[in-house]
Number of protein chains: 4
Amino acid sequence: MHMQVFEQWESEIRAYCRAAPTVFHSASNARQTDEQGRSYIDFYAGAGVLNFGHNDPKMKDALIDYIQNDGVAHSLDMYTTAKRAFITKFVETILKPRDMDYRLQFVGPTGTNAVEAALKLARRVTGRQQVVSFHHAFHGMTLGALAATTNAHFRNAAGVPLDNVVHQAFGCETQCPNCTLGCGMPSLERLRDIYSDPSSGFAPPAAFLVETIQAEGGVRVASEEWLKGIQDLAHELGALFILDDIQMGSGRTGSYFSFDEMDLDPDIITLAKGIGGFGTPMAMNLNKPEHDKHWLPGEHTGTFRGQDLSFIAGTVALGYFDDPAFMDETRRKGEVIRKRLETIAEKYPRFAVRGRGMMQALDFIDGDLSKRIARECFDRGLLAAVCGSKGQVIKLIPPLTIPDDDLEEGLNLFEQAVDAQVEG
Amino acid sequence: MHMQVFEQWESEIRAYCRAAPTVFHSASNARQTDEQGRSYIDFYAGAGVLNFGHNDPKMKDALIDYIQNDGVAHSLDMYTTAKRAFITKFVETILKPRDMDYRLQFVGPTGTNAVEAALKLARRVTGRQQVVSFHHAFHGMTLGALAATTNAHFRNAAGVPLDNVVHQAFGCETQCPNCTLGCGMPSLERLRDIYSDPSSGFAPPAAFLVETIQAEGGVRVASEEWLKGIQDLAHELGALFILDDIQMGSGRTGSYFSFDEMDLDPDIITLAKGIGGFGTPMAMNLNKPEHDKHWLPGEHTGTFRGQDLSFIAGTVALGYFDDPAFMDETRRKGEVIRKRLETIAEKYPRFAVRGRGMMQALDFIDGDLSKRIARECFDRGLLAAVCGSKGQVIKLIPPLTIPDDDLEEGLNLFEQAVDAQVEG
Amino acid sequence: MHMQVFEQWESEIRAYCRAAPTVFHSASNARQTDEQGRSYIDFYAGAGVLNFGHNDPKMKDALIDYIQNDGVAHSLDMYTTAKRAFITKFVETILKPRDMDYRLQFVGPTGTNAVEAALKLARRVTGRQQVVSFHHAFHGMTLGALAATTNAHFRNAAGVPLDNVVHQAFGCETQCPNCTLGCGMPSLERLRDIYSDPSSGFAPPAAFLVETIQAEGGVRVASEEWLKGIQDLAHELGALFILDDIQMGSGRTGSYFSFDEMDLDPDIITLAKGIGGFGTPMAMNLNKPEHDKHWLPGEHTGTFRGQDLSFIAGTVALGYFDDPAFMDETRRKGEVIRKRLETIAEKYPRFAVRGRGMMQALDFIDGDLSKRIARECFDRGLLAAVCGSKGQVIKLIPPLTIPDDDLEEGLNLFEQAVDAQVEG
Amino acid sequence: MHMQVFEQWESEIRAYCRAAPTVFHSASNARQTDEQGRSYIDFYAGAGVLNFGHNDPKMKDALIDYIQNDGVAHSLDMYTTAKRAFITKFVETILKPRDMDYRLQFVGPTGTNAVEAALKLARRVTGRQQVVSFHHAFHGMTLGALAATTNAHFRNAAGVPLDNVVHQAFGCETQCPNCTLGCGMPSLERLRDIYSDPSSGFAPPAAFLVETIQAEGGVRVASEEWLKGIQDLAHELGALFILDDIQMGSGRTGSYFSFDEMDLDPDIITLAKGIGGFGTPMAMNLNKPEHDKHWLPGEHTGTFRGQDLSFIAGTVALGYFDDPAFMDETRRKGEVIRKRLETIAEKYPRFAVRGRGMMQALDFIDGDLSKRIARECFDRGLLAAVCGSKGQVIKLIPPLTIPDDDLEEGLNLFEQAVDAQVEG
């Protein structure tokens, strides 16, 4: 009965609520509580948004303080003190230590909007139209970003041809068990061949748009060698190398950017999800200055691109990275998850473990099985969601701030759910 | 110096901050204060978002309470008590009294995303691709919505052809002074002719996408007769009638929907901007159930479509409409603005007044002049922004909650600015 | 039984043969004879190809001589003496007397190919993509030309969106009786308005593609004023003015080009149909040298672009224009047809007469009636075909060389057929 | 001086005449003679049109007789005795002995038009838009066919995006020396993988469009295994299998269809070039009846689709296939060419020989070298042309009717030209 309002009035398109059929009321760090008072451990973190947990106390204080003092909540792209604090913190904490020189572009506060802006800029800079993205890629739902997204379920909803993007094979570091799409370095060679043969049918593209780990695509991890090769190829062809770090950035993999330890220098980096810290929306692109100067004022606008509550909480979130221990802990907890998944995979050798940092996943090969396991998790008090082309993968992405006890309990619940469904 | 951080690190694309070069620090109802302590009267309301003013006290209380009590801040499309309260309030306050039967679709929290979703649904329902939008329309910046947006400044940034939308003449109730694009009922006749002649080159469209007042397009007001005609034509052709009420809805024109007093029954209504109440992002479509059922679960997704802070503040905002006096007051204040603009237009008869409710505008014909006036306003302590194809129009859209004193003072500042620039 | 081979083995797409169900065996000037020996007067001339009649004796001699002497029949774009003779004759007879400076581009021997080449060149020269064509236009069946063609029957067969062309109202000199698509000079004004308003949604086009008389579109005759206005607008906007004279050129209207007496100077002129003289295929564009130089060798190729039989017969055909009496006669015969149509229209005032030179038509308003009349013509021994968006128009386009007796007899048959069907 | 007319008046786009700079006057079987009386052996046969040589005596007689007797030269798609004779002959000689059931669709008389019609039909039948063609494919120059053609030189001339076709790797039976585009069976596997993974970004296509030998693409020969695999994959996916036999059909490879000895059953076969016999244009598709019935009358029209001179000569040409010796001879001559090329390749082992029947080629790897050799051939009295993505291949395609002496002499000239340029 408590869900009846939704069933009666909300659109048929609703999805997550079908897999987690309860009404949530409150949340704290890695736990959500429903209105019956039942507590769930959160291994999904709002689709990777809540890297710092639900209702981080420092963010709560900062937000309450800001609101109480009549801080500007919504400012378009006008200047505010909250925005300046965020920019300053981002520059000092993230860019300067890495010697990175980028211009910060705040866009409509969704990842898809960040991708749309990046594609516009790449097309403007190069004067070309076609963009290369990769099988299993996820880049968003608006028409420009959707053309780069590969899942047929999403693409079928477009209703128009999704032009100006071509999809090629991704450079997985290991072959996924039931994937046959030519992972690894051969895919790079094929791209190079396509663009060196004038009769391939392909003209040099405006950009290569790439994730370091395809999260929605099933936690498929690209090798550094392949990523570097794509970047080199892009530059050989006069194309931009756009790195979509929307889900993988903001510390998820054990470093602020997912590519921090790689020899990469993207032309544009798209960020969203975790940068707002608290779960309020925000999206921001980092553009190399030589590209950024091609924008004319206001060419890509968006009412909600000045989200000061997100600036406030996001500034607190960036503070986490002042202490190197935060990323050390992230990697340590990532190992804990990884080990447990490997233990499970030893029991059921047909399953495959993939991931990096606190983005870890178990590939169950079989989409029906994985969905039953995810539901079993929910029933046992654990939130975890499927991904991959057939939903055959469950990714475990708790808040980076999850206490060890909750992590352990969550892993126990997960293993029990797997056992129950596999052995059952 | 205080703006140097922005100039050094933020993208060249920034726009509003160039017209209002200061750093804002706090805001309350219809006033914003910069970090030097200078107070500005806000006649722009965050591009139409802040219908209920900055930092509405009841919303502040509700938000602080929600945050303090660890309310869920971010919930994808899972069920939360905050969302249920919002839905319930919307159904009771808005839908039921109007006998409207719609399904609520929460989308990525931007207007452009709402439009993208509406176009997908219209194309799905009809199996057609082309959509009709209108000269001077503004519907958003992502590729699907941008195709429906007409301003060349925005379209030029796409870098790819903007296909599957065709633009026709809008049905202004009065001819804009320097507009030659065939306003009024003849545009409807032309559409009917195009779609009844099998050699026009046009196939029946998936949808007609229309604003009742083209705000960004220069506050061009459609006649009810024309809107009704477009709706009828859509239905004759088996197309959907989509009403974009993103800027005009939520009370701006003196009724909740901008078309409340008209004999209209849209297939889809897009809402954003004002519905979140506080300035935090939110977007929601109202789909007729017979169309909504064509959605498959999760086909149009978006990380940030579960914005509980917006649900909390938005629920408070809906409370304003429980008292009919609120809309009476809005219309009264709208008349106050209108009268003042007419007074100015009497002094300078080449200028034209247009608008409805608290969306009122003065068309200065000359884009250079209007931009100088807007800057003069800023210098005098009033925030107001230009719109229209050449920026030749200034629209005055204060919060609906603006106190009479502030409204009066703002209008004085505006008139002084006009006088200074026109007579100067 | 004699048609059974076709019915059994030929594609369902066959069309003309359904309206003229017999098997033709021979033809001479304006008469075709079927295998039963029945003679038909030809008022259709192979869809406007056979301006010089069937089996013109001089062309027959020239072709037989050429074949007997082993002339090259097929030469790609290599040089042949036959081609040189054609070029020389065309330059001396057509270009030089008119002081016209164009480069001759021989393309794959179909009108649609000529249009494709013209659009490529216009897009190359301008760097723009969109082309303007007009309601009721016919420019061909291949995808590039089909996008400029308007009839839904043809467009529906494309199976893909027909992008990069936009259709606007044509500049008829008189309003067609059941046409509501805004003929005449207002359509020019609307175009000018669209391209002067930066928020119309339209960017300046690569080209305006226009027919002086829309033959397939129902013999809709553009006014010189409108054509000149379109040419001026094109040049104001930096666009090319392409004149499609495929059906109207080669003498049909009483002058070699259909626009000879107008103050026009097209950037590209497309020719096909009549230029080969004998009914063998040929197509040729005339490109202004300043545009033509943008072509790279072989960029638009086509196996059959060197049709020497067409060069041989086409050279003979050009000889007709050495004697001014030929065009005088054409205009005189055109008047004969016109007068008869006007006589018929006096009897049935709801019908409208339109045309110029020997392109004359009667608009029966009602497509069912016109098709019955065309069939009645066939039954009585006259070949005539319908055109127009609903097939409501019958155009009478006999060979220009038709003897007066045949012309008279044909007109008698036509009038009898009309009477029989209208009064019947 | 004799070429000055062309240089002054013909378009800059002319191409073959630049490689063979003389003016041809007559031609007989495998020889062309220029106006200075110099004789050239023709190893190019009008780009594969003149399979039966220039001015075949039986065709000459038939054409002269037809013209002298006032045969209908041009008949749209009306029935003629000439067309019936052609259809009957085609059915009896080609279809019935092979037990093939197809409907004959006569289209505008160019190969590109045949491809356009085939793509329309495939899209109609399947309701899908995207078509798969292959790297190095050549299918024509009009926009629909050009999208399936891969050479950048041609594609760059389009001026608009070439959408709705995707290019994949071709199934060469042997790896071309400097080709890196993934020839052979792996390309089939990749296609199967792409279409079985719902997150590849590719939806099932309307058709696979394939050549058995990519002539323009550099005489790249597909294996039967791969062709069969593509056909099977097409049918698994509900797509059509379209075989473009425009250059390879009509006997070129030693059997009427290039796939006669393969276990293939195409849904649509496109034919042009050789079917008219004499060099006059003609194009014809063979559609399976179950697909053909989806056409509505006249949906894909074209003025010149009733070319009776081509029907007359084409009927004579089909007579060649009544005697099995004709194809035996073709294979024997093909072997003669092949052996000579292999002899040359023994001298210069870096060159590669490829081909089948009388479509044989030498791949010189180096495009500059091959162009110098082709010019050396011309200077020595042999017409031969380059193909391949960089023009690095010379294909030898004399008329199938070439006398042994001419063949021998031509091969001698070719070998001398190679020696002169390679050793020189």
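Criteria and thresholds
- Residues numbered from 1 in each chain as written.
- Chains lettered and ligands numbered in written order.
- Predicted model: local features only at pLDDT ≥ 70, side-chain atom pairs only at ≥ 80, totals over all residues.
- Heavy atoms only, no water.
- UniProt positions renumbered as here; feature names shortened; annotations may be inferred.
- Axes fitted to C-alpha atoms, helices over the stretch in contact; angles between N-to-C directions.
- Helix = DSSP H or I, 4+ residues; strand = E, 2+ residues; numbered from the N terminus.
- Parallel < 35°, antiparallel > 145°, perpendicular 65-115°, else oblique.
- Left-handed = near helix turned anticlockwise from the far one by under 90°.
- Contact = heavy atoms within 4.5 Å.
- Nonpolar A, V, L, I, M, F, W, Y, C, P; charged D, E, K, R; others polar.
- Pairing = 2+ DSSP bridges.
- Disulfide = S-S within 2.5 Å.
- Salt bridge = Lys/Arg side-chain N within 4 Å of Asp/Glu carboxyl O.
- Buried < 20%, exposed > 50% of the residue type's maximum accessible area, 1.4 Å probe, protein only.

The name recorded for chain A in an unreviewed UniProt entry is Aspartate aminotransferase family protein, from Guyparkeria halophila. The Cofactor (unreviewed entry) comment attached to chain A in UniProt states, word for word, "pyridoxal 5'-phosphate". Chain A has a UniProt comment under Sequence similarities (unreviewed entry) that states "Belongs to the class-III pyridoxal-phosphate-dependent aminotransferase family."

Q: Tell me what's going on with the packing of helix α14 (residues 367-380) of chain A against helix α15 (residues 404-423) of chain A, and back it up with residues and numbers.
A: All names here are of chain A. In contact at an axis separation of 9 Å, α14 and α15 are set at 130° when each is read in the N-to-C sense. With respect to their mutual orientation, α14 and α15 come out oblique. Both α14 and α15 take part in a crossing whose hand is right-handed. Together, Leu369, Arg372, Ile373, Glu376, Cys377 and Arg380 of α14 and Leu413, Phe414, Gln416, Ala417, Val418, Ala420, Gln421 and Val422 of α15 make up the contact between the two elements. Its residues assigned to classes, the contact of α14 with α15 comprises nine nonpolar, two polar and three charged.

Q: Account for the sheet that holds strand β14 (residues 352-356) of chain D, with residues named and values stated.
A: Residues and elements named next belong to chain D. Taken in spatial order, the four strands of this open sheet run β14-β15-β18-β17, and their pairing is antiparallel. Each edge of the open sheet carries a strand with a single partner, namely β14 and β17 (385-387). Sheet twist, expressed as the mean angle between neighbouring strand axes with direction ignored, is 30°. Note: β17 against strand β18 (residues 393-396), three bridges, orientation antiparallel. Bridging across to β18, Ala385 finds its partner in Lys395. Strands β14, β15 (359-363) and β18 of the sheet are contacted by helix α13 (residues 325-347), whose axis makes an angle of about 10° with β15.

Q: So, the state of the cysteines: which residues are in play, and what are the values?
A: Scanning the model with the defined rule gives zero disulfides over all chains in all. Just so you know, Cys377 of chain A is unpaired, no disulfide at all, and the nearest cysteine sulfur is the one on Cys387 of chain A, 13 Å from it.

Q: I'd like a rundown of the pattern of salt bridges, residues and numbers included.
A: Going through the model one piece at a time under the given rule, you end up with 116 salt bridges over all chains. With a shortest N-O distance of 3.1 Å, Arg31 of chain B and Glu409 of chain B are connected by a salt bridge. Linking Arg31 of chain B in strand β2 (residues 31-34) with Glu409 of chain B in helix α15 (residues 404-423), this pair joins segments that are 378 residues apart in sequence. Take Arg31 of chain B: its relative accessible area is 22%, and that puts it in the partly exposed class. Using a relative accessible area of 37% as the deciding quantity, one classes Glu409 of chain B as partly exposed. Among the salt bridges present, the one from Lys89 of chain C reaches Asp322 of chain C, with a minimum N-O distance of 2.6 Å.

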